[in-house]
Amino acid sequence: MSPKTLYDKIWDAHVAHEAEDGTSLLYIDRHLVHEVTSPQAFEGLRMAGRKVRAPEKTIAVPDHNVPTTPDRVNGIDNPESRIQVEALDKNAKEFGVHYYPVSDVRQGIVHIVGPEQGWTLPGMTVVCGDSHTATHGAFGALAHGIGTSEVEHVLATQTLIQKKSKNMKVEITGKLRPGVTAKDITLSVIGETGTAGGTGYVIEYCGEAIRDLSMEGRMTVCNMAIEGGARAGLIAPDETTFTYIKGRPHAPKGAQWEAALTWWKTLFSDDDAHWDKVITIKGEDIAPVVTWGTSPEDVLPITAKVPAPEDFKGGKVDAAKRSLDYMGLKPGQPLTEIEIDTVFIGSCTNGRIEDLRAAAEILKGKKIKDGMRAMVVPGSGLVRAQAEEEGLADIFKEAGFEWRMAGCSMCLAMNPDQLSEGERCASTSNRNFEGRQGYKGRTHLVSPAMAAAAAVTGHLTDVREMM
Ligand SMILES: CC(C)[C@H](C(=O)O)[C@@H](O)C(=O)O
Ligand code: SF4
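Keep in mind the model is a prediction, meaning the values are calculated, not measured. Throughout, a residue's number is its position along its own chain's written sequence, starting from 1. Here every chain gets a letter starting at A, and every ligand a number starting at 1, in the order they are written. Confidence filtering applies because this is a predicted model: local features only for residues at pLDDT of at least 70, side-chain atom pairs given and counted only at 80 or more, and all residues used for totals across whole chains, interfaces and linings. Neither water nor hydrogens contribute to the side-chain values; these are computed over all heavy atoms in the structure.

**Details of the overall build of the protein chain**
Put simply, the rule is: The numbering of helices and of strands both runs from the N terminus, where a helix is a DSSP run of H or I of at least 4 residues and a strand a run of E of at least 2. Radius of gyration here uses only the C-alpha atoms, and the compact-globule reference equals 2.2 Å multiplied by the residue count raised to the power 0.38. The buried label goes to any residue with under 20% of its type's maximum accessible area, the exposed label to any with over 50%, and the partly exposed label to all in between, with areas taken from a 1.4 Å probe on protein chains only. Whether two residues are in contact is decided by their heavy atoms: any pair within 4.5 Å suffices. Using a 1.4 Å probe, the Shrake-Rupley method yields the accessible areas, and only the shown protein chains count as cover for residues. By the counting rule applied here, Lys and Arg register as positive and Asp and Glu as negative, while His and the ends of each chain are not counted. By convention, charge coordinates are those of NZ in Lys, CZ in Arg, CG in Asp, or CD in Glu.
From N to C terminus, the protein chain includes 16 helices and 19 strands. The globule rule puts the C-alpha radius of gyration for 467 residues at 23 Å, and the 21 Å found for the protein chain is close to it. For the protein chain, the spread of C-alpha atoms along the three principal axes comes to 55 × 55 × 45 Å. A buried classification covers 60% of the 467 residues belonging to the protein chain. Within the protein chain, residue pairs in contact and separated by at least 24 positions form 76% of the contacts whose partners lie at least 6 positions apart. Split by element, the accessible area of the protein chain, about 18300 Å² in all, is 50% carbon and sulfur. Within the protein chain, one finds 51 positive and 63 negative side-chain charges whose respective centroids are separated by 1 Å.

Here is the structure:
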């Protein structure tokens, strides 16, 4: 047998039919659904008189539009948001799919709920009408976003038409230095490859620094594969993965667990597998980073200065000028002198329990800067409950943070949590596009620990000085 990558193995195990030009019909093991990209898909089924083919493999949860203040039990003010969430409610019940409504403690961001409930397992194909589906690749699942018409296709057939991507290996060797996290890894990789570097590829992240990460950290890394342009990100499963999964509500049990484990242990890239592209980064070379511009590739170590447009080449000069202008920054200004007024800790990138622990560790016994607006939005109701049990919520509240209910929140401006014009936020989310967190709002992407540090000092801060 010819050697295969992990991606090749999962792909081969799911091809139901392959046409001559390589276009394939893939079987889909898990279909996650949220309120933004599913209403038309369900409506299409309804109009055609079709059913959901595999409701037991379909999981729905509202996340983008839901308010995160406790008074959300009284309903959603914004009519557009309300329509989307109510449509999901109706569709989930009518079509009989698994559903976690806002009133359920298990509700949260779809990419946090799936793994948490044991829906996401190694070797699976996982899709969702959402680009950050890449998150689930942390389990060694082939997971990626799809469009609304594909959502309808998967709902109706449990299959997806796909062309195979190329194989790319991103190796992070050795150990990380203190203060450096999974978020710094994933942003640094994009800094190296650019936002188009992964286009046409599925990335497998490997190396000692990746192996050393918890499942939470691995999800953070894979979450941003899409920001580097890749179709999906993958990490081969190992004991860390199996320990995380075991005992979760929808994980296999008993003899099924043993059988699954036997297969999962074959899910790695063979030694002499072929890679179309390889990138290697030394773990010790990665610093705590921050973005200065309006693209995730605009990333630098926190010790750096705001770059000048002339530092870039070709078309990137104009992009840098525009970024600096939008962000209101001057070349040569130390990044640590950039003052911020808002801190957002949350999102499918960094809204898990370990992220909250890392931020709380920095905040313990401290207060946020006067006038700072700071909020923690746990990625799910269960993350929230656990953080309360561990005393993290008290640390956040005593420091001056708002302690919110689960949802996408200020990661994107689809709900009441938004930046106002000119506001500047240190955010643990994954996109710093113009207006992403609110009209004319400005975003600096950072790790949870770096966000916490900035909340205390009032400016972008090297977290290592607070450790
Ligand atoms: C709303 C949704 C389609 C979108 C995505 O696909 O990623 C959102 O989750 C985002 O992060 O921008
Ligand atoms: S948290 Fe942000 S990135 Fe993740 S699904 Fe929600 S909007 Fe998209």
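**Let's talk about the pairing of strand 16 (residues 373-376)**
Formally: Two strands are said to pair when DSSP picks up at least two bridges between them.
Note: strand 15 (residues 342-345) against strand 16, four bridges, orientation parallel. Its bridge partner being in strand 16, phenylalanine 344 is matched across the sheet by methionine 375. Pairing geometry for strand 16 and strand 17 (residues 402-403), over two bridges, is parallel. Bridge assignment links methionine 375 to a residue of strand 17, and that residue is glutamate 402.

**Details of the UniProt feature "binding site: [4Fe-4S] cluster" (unreviewed entry) in the protein chain**
The following threshold applies: UniProt positions are given in the numbering used here, feature names are shortened, and annotations may be inferred rather than shown by experiment.
In the numbering used here, UniProt assigns the feature "binding site: [4Fe-4S] cluster" (unreviewed entry) to Cys348, Cys408 and Cys411. Taking the farthest pair of C-alpha atoms as the criterion, the annotated set spanning 64 residues converges on one region, since that pair is 8.8 Å apart. Of note, cysteine 348 is situated in helix 12 (residues 347-350). Here cysteine 408 shows up in the loop between strand 17 and strand 18 (424-427).

**Notes on the site of ligand 1**
What counts, and what does not: Here a residue is considered near a molecule or strand provided that any single heavy atom belonging to it is located within 4 Å of it. Polar contacts here mean pairs of N or O atoms no more than 3.5 Å apart (in protein, one a potential hydrogen donor and the other a potential acceptor; neighbouring residues in sequence count only if both atoms are side-chain atoms). Gly counts as polar in this scheme, as do all residues outside two lists: the nonpolar Ala, Val, Leu, Ile, Met, Phe, Trp, Tyr, Cys and Pro, and the charged Asp, Glu, Lys and Arg.
Inspection of the region around ligand 1 gives Val36, Thr37, His64, Gly129, Asp130, Ser131, His132, Met414, Arg431 and Arg436 as its neighbouring residues. Here an oxygen atom of ligand 1 sits 2.7 Å away from a polar atom, N or O, in the side chain of arginine 436. Burial of ligand 1 by the surrounding chains reaches 81%, relative to a free accessible area of 310 Å². For the shell around ligand 1, the per-class residue count stands at two nonpolar, five polar and three charged.

**Examining the pattern of salt bridges**
Applicable threshold: For salt bridges, the criterion is a side-chain nitrogen of Lys or Arg within 4 Å of an Asp or Glu carboxyl oxygen.
For the structure shown, the criterion picks out 22 salt bridges. The residue glutamate 43 makes a salt bridge to arginine 46 at a minimum N-O spacing of 2.7 Å. Separated by three residues within a single helix, glutamate 43 and arginine 46 lie in helix 2 (residues 39-48), roughly one turn from each other. Measuring nitrogen to oxygen at the nearest pair gives 3.1 Å for the salt bridge that ties arginine 46 to glutamate 94. With arginine 46 in helix 2 and glutamate 94 in helix 3 (residues 79-95), this pair connects stretches of sequence that are 48 residues apart. Judged by relative accessible area, which is 45%, glutamate 94 ranks as partly exposed. One continuous salt-bridge network, built from bridges that share partners, spans Glu43, Arg46, Lys90 and Glu94.

**Quick notes on the site of ligand 2**
As a matter of local geometry, ligand 2 sits amid His64, Ile109, His111, Asp130, His132, Ser347, Cys348, Cys408, Cys411, Leu412, Asn430 and Arg436. Grouping the constituent residues of the shell around ligand 2 by class yields five nonpolar, five polar and two charged.

**Observations regarding unusual backbone geometry**
The residue glutamine 158 is not glycine, and still its phi comes out positive at about 60°. Notably, lysine 440 is not glycine yet its phi reads approximately 60°, a positive angle. Looking at the element boundaries, lysine 440 is found in the loop between strand 18 and strand 19 (442-445).

**A look at the packing of helix 13 (residues 353-363) against helix 16 (residues 448-457)**
Where we set the bar: Note on geometry: axes are C-alpha line fits, over the in-contact stretch for helices, and angles between N-to-C directions span 0 to 180 degrees. The crossing is said to be left-handed when, going from far helix to near helix, the turn is anticlockwise and less than a right angle, and right-handed when the turn is clockwise.
With their axes 8 Å apart at the nearest point, helix 13 and helix 16 run at an angle of 30° to one another. Crossing of helix 13 over helix 16 shows right-handed handedness. Of the residues in helix 16, those touching helix 13 at Asp355, Ala358, Ala359, Ile362 and Leu363 are Pro448, Ala449, Ala452, Ala453 and Val456. Its residues assigned to classes, the contact of helix 13 with helix 16 comprises nine nonpolar, no polar and one charged.

**What about the sheet that holds strand 1 (residues 15-18)?**
Reading across from one edge, 1-2-8 is the order of the three strands in this open sheet, with antiparallel pairing throughout. Unpaired on one side and paired on the other, strand 1 and strand 8 (159-162) mark the two borders of the sheet. Between one strand axis and the next, the sheet turns by 20° as a mean value, whatever way the strands run. Pairing of strand 2 (residues 24-27) with strand 8 involves four bridges; the strand directions are antiparallel. Of the residues in strand 8, the one forming a bridge with serine 24 is glutamine 162. On the sheet, helix 5 (residues 148-157) packs against strand 2 and strand 8 and is oriented at approximately 135° with respect to strand 8.

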